[in-house]
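Chain by chain, the residues:
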Amino acid sequence: MAWPTSQLWSARCRSLTGAVFPRAAARSLHEGPDTVDELLDRNLVKKKKKEERRSKGSDEEEAVLLERRRLTSIRRESLCLYRDIMRATRFFSWPDARGAVWRDVLRSNARREFEEARFERDPEIITRLLIGGRDAVQSALYKLADAQRKKIAEQEEEEEKIRGGR
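Keep in mind it's a predicted model, so treat the numbers as computed, not measured.

Engineer: Requested: an account of the side chain of Asp-96, with residues and values cited.
Structural biologist: Along the chain, Asp-96 falls in the loop between α2 (36–88) and α3 (102–116). For Asp-96, a relative accessible area of 14% translates into the label buried. Side-chain polar atoms of Asp-96 contact the backbone nitrogen of Arg-98, separated by 3.2 Å. Discounting chain neighbours no more than four positions away, the residues touching Asp-96 are Trp-102 and Val-105.

So this is what it looks like as structure tokens:
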């Protein structure tokens, strides 16, 4: 038996699909709309229906989306602050009066405060906590930098006295 040519093969496929899917009931995908108006009606009507469906539940959906965005931004900010605190505490390497290293004391205090505020849902309170934490980290780093500058200046003065006293 010889293989059918491409024309015969496509004719057989058309006859088979025609029996299963009559042409009057469905259009082929490659057949476009007859006019521009038909094209617009097909696409615009669907969009309007979608918009109507959206408008019914849009207020609720928008509220949920805004809440998710707010929570993710708050989480992002709080994680960023926590990481900044952990990074900043690396510079506090001297012991306190009890003999504990300041780095460990500061880290445990930060962890405790974050755990206490973990389930807070009021955006105003959360914002205040984040701003207060950010200010505390910045002021601690500024004070540390000032103390380091003073030590460096004192060391330079002592070195000049030693050099000048020779």
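Engineer: Summarise the packing of aromatic side chains; cite the residues concerned and give the values.
Structural biologist: Counted according to the given criterion, the structure contains 2 aromatic pairs. Geometrically, the ring pair formed by Tyr-82 and Phe-114 is edge-to-face, given 5.1 Å between the ring centres and 80° between the ring planes. Of this pair, Tyr-82 sits in helix α2 while Phe-114 sits in helix α3, placing them 32 residues apart in sequence. Ring geometry for Phe-92 versus Trp-94: centroids 5.5 Å apart, planes at 55°, classification tilted.

Engineer: Tell me about the nonpolar core, and please be specific about residues and values.
Structural biologist: Formed by Ile-74, Leu-81, Tyr-82, Ile-85, Met-86, Ala-88, Ala-110, Ile-126, Leu-130 and Val-137, the largest nonpolar core amounts to 10 residues. Listing elements by their share of this core, those giving two or more residues are α2 and α4 (123–164). With sequence-adjacent residues up to four places away left out, Ala-88 is seen in contact with Val-137 and Leu-141.

Rules behind the numbers
- Residues numbered from 1 in each chain as written.
- Predicted model: local features only at pLDDT ≥ 70, side-chain atom pairs only at ≥ 80, totals over all residues.
- Heavy atoms only, no water.
- Helix = DSSP H or I, 4+ residues; strand = E, 2+ residues; numbered from the N terminus.
- Buried < 20%, exposed > 50% of the residue type's maximum accessible area, 1.4 Å probe, protein only.
- Polar contact = N/O pair within 3.5 Å; in protein donor to acceptor, adjacent residues only side chain to side chain.
- Contact = heavy atoms within 4.5 Å.
- Phe/Tyr/Trp six-rings, centres within 6.5 Å; stacked < 30°, edge-to-face > 60°.
- Core = buried A, V, L, I, M, F, W, Y, C linked by side-chain atoms within 4.5 Å.

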